[in-house]
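Coordinate inspection notes
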Amino acid sequence: MDTTTAGGPGIPCWAQLGSPDPQTAAAFYGALFGWDFTEDPARGPGHLTARLRGLPVAGLGPVDDLPRPGWTACFTVHDTGKAAAAVAAAGGTVLARAAAGGREDLYADPSGAHFAVREPDARQAPSAAAGPGGFALAELITDDVDASAAFYGALFGWTAGDPAGPLGRREWRLDGTPVSLLLPRPAAMPRETPPYWDAYFTVTDVAAAATRATSAGGTLLMPSTDIGSGSIAVLLDPMGAVLTLVEPRA
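Read on for an overview of the structure. Computed from a predicted structure; not experimentally measured.

What counts, and where the lines are drawn
Sequence order as written defines residue numbering, which begins from 1 separately in each chain. Owing to the predicted nature of the model, reporting of local features is limited to residues with pLDDT of at least 70; listing and counting of side-chain atom pairs is limited to 80 or more, with chain, interface and lining totals taken over all residues. Where side-chain values are given, they derive from all heavy atoms of the structure, hydrogens and water being excluded. Grid points spaced at 1 Å over the protein atoms alone were grouped into cavities, where a 1.4 Å probe fits but cannot get out, and pockets, open sets with protein on both sides within 12 Å along at least five of seven lines, with lining residues defined by an atom within 4 Å of a point. Grid points are joined across faces, edges and corners, and a volume is the space filled by probe spheres set on the points. Secondary structure counts use DSSP, requiring at least four H or I residues in a row for a helix and at least two E residues in a row for a strand, with both numbered from the N terminus. When residues are sorted by character, Ala, Val, Leu, Ile, Met, Phe, Trp, Tyr, Cys and Pro go into the nonpolar class, Asp, Glu, Lys and Arg into the charged class, and all the rest, Gly among them, into the polar class. Here, the term disulfide refers to a pair of cysteine sulfur atoms separated by no more than 2.5 Å. Residue exposure (1.4 Å probe, protein chains only): buried if accessible area is under 20% of the type maximum, exposed if over 50%, otherwise partly exposed. Residues are treated as being in contact if the distance between any of their heavy atoms lies within 4.5 Å. One bridge is not enough; two strands pair if DSSP finds at least two bridges between them. All axes are obtained by fitting lines to C-alpha atoms, using only the stretch in contact for helices, and the reported angles, taken between N-to-C directions, cover 0 to 180 degrees. Criterion for a salt bridge: a side-chain nitrogen of Lys or Arg within 4 Å of a carboxyl oxygen of Asp or Glu. Arc, as used here, means the arc of the directions from the helix axis to the C-beta atoms. Here a polar contact means two N or O atoms within 3.5 Å. Within protein one must be a hydrogen donor candidate and the other an acceptor candidate, and residues neighboring in sequence count only if both atoms are side-chain atoms.

1. What about the layout of surface pockets?
- In this model, the largest pocket occupies a volume close to 910 Å³.
- Counting only elements with at least two residues in the lining of the largest pocket, the list comes to strand S9 (135-142), strand S11 (170-174), strand S12 (177-184), strand S13 (196-202), strand S14 (219-226), strand S15 (230-236) and strand S16 (242-248).
- When its residues are assigned to classes, the lining of the largest pocket shows 24 nonpolar, eight polar and seven charged.

2. Some details on the state of the cysteines
- Inspection of every chain in the model, using the stated rule, returns zero disulfides.
- Considering cysteine sulfurs only, Cys 74 is the nearest to Cys 13, which forms no disulfide, with 3.9 Å between them.
- Assessed through its relative accessible area of 11%, Cys 13 is described here as buried.
- Residue classification places Cys 74 among the buried residues on the basis of a relative accessible area of 2%.

3. Re the side chain of Ser 231
- Residue placement: Ser 231 occurs in strand S15.
- Its relative accessible area of 18% is what places Ser 231 among the buried residues.
- Among residues more than four places away in sequence, those in contact with Ser 231 are Val 206, Ser 224, Thr 225, Asp 226, Leu 245, Val 246 and Glu 247.

4. Considerations on the sheet that holds strand S4 (residues 55-61)
- Spatial strand order, S2-S3-S4-S1-S5-S8-S7-S6: eight strands in an open sheet with mixed pairing. Here the strands that pair on one side only, and so sit at the sheet edges, are strand S2 (36-39) and strand S6 (93-96). Pairs of neighbouring strands in the sheet enclose a mean axial angle of 35°, with direction left out of account.
- In terms of strand pairing, strand S3 (residues 48-52) meets S4 through five bridges, oriented antiparallel. Residue pairing across strands places Leu 52 opposite Leu 55, the latter belonging to S4.
- Together, strand S1 (12-18), S2, S3, S4 and strand S5 (70-76) form the strand contacts of helix H1 (residues 22-33), whose direction differs from that of S4 by roughly 145°.

5. A short note on the pattern of salt bridges
- Enumeration over the complete set of coordinates arrives at seven salt bridges.
- For Glu 104, the salt bridge goes to Arg 118, with nearest N and O atoms at 3.0 Å. Taken together, the residues span a long stretch of sequence, with Glu 104 in the loop between S6 and strand S7 (105-108) and Arg 118 in strand S8 (residues 114-118) at a distance of 14 residues.
- A relative accessible area of 7% places Glu 104 in the buried class.
- The exposure class assigned to Arg 118 is buried, which follows from its relative accessible area of 13%.
- Arg 249 is paired through a salt bridge with Asp 226; the nearest N and O atoms lie 2.7 Å apart. Here Asp 226 lies in strand S14 and Arg 249 lies in the segment after S16, a separation of 23 residues in the sequence.

6. Notes on helix H4 (residues 206-215)
- Among all positions in H4, only Val 206, Ala 209, Ala 210 and Ala 213 are buried. Buried residues of H4, seen end-on, are gathered within an arc of 100° and therefore sit on one face of the element.
- Looking at the buried side of H4, the elements it contacts are H1, S14, S15 and S16.
- Near the N-terminus of H4, the side chain that reaches the backbone nitrogen of Ala 207, with its oxygen 3.2 Å away, is that of Asp 205.
- Following H4 by one or two positions, Gly 217 adopts a phi angle in the positive range, close to 110°.

This is the structure we're talking about:
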């Protein structure tokens, strides 16, 4: 599934890493995906834009307003002001509203999982995410599937499909189009790990990419596993952020 090339509301459009050491993180992701980096002064000191094939593909920076280090999935909305009201009405929490320079609005859903929204900006270059090394999709790992489905359904108009596979993974759809995934907390996930949005990045060979990641200082949490639509591997980067590699089925 690749949803990031579409620009409509409710579509994942960007991934932003909050890290205690953005430079170390940049070295890791550069080795893993072939990204190079430019400074992003509009966001503030220490913020970087990752580029792939000359196009922006993700952001890296200090932890800033995030409740903890990790990747944040960002979704498009028609109007950030209306989105803020919808988040509050559905029981979410405002973590940070956008400042000048095009920052996203940052929220936490009722479970504490953080995510961001922004309005489409015609001035921004198209994403490189359609190919290997790009942000592919986002998956919410939650303790309460029904509550999460209700919250994001109210916010984005998503509908959750039926559970599939041994873990009960569901597909979120918008007007019939797959946009994200919803996963009940797996038994192997530590209880102290709070619910979170996981960022998936496309690779051509998930096993080889996982080996490349561990060689660059990452930690393998789950080896290559078939999920039906492709194969995934789950890792920690050197600073402790979770990411998932996905090799879509041909």
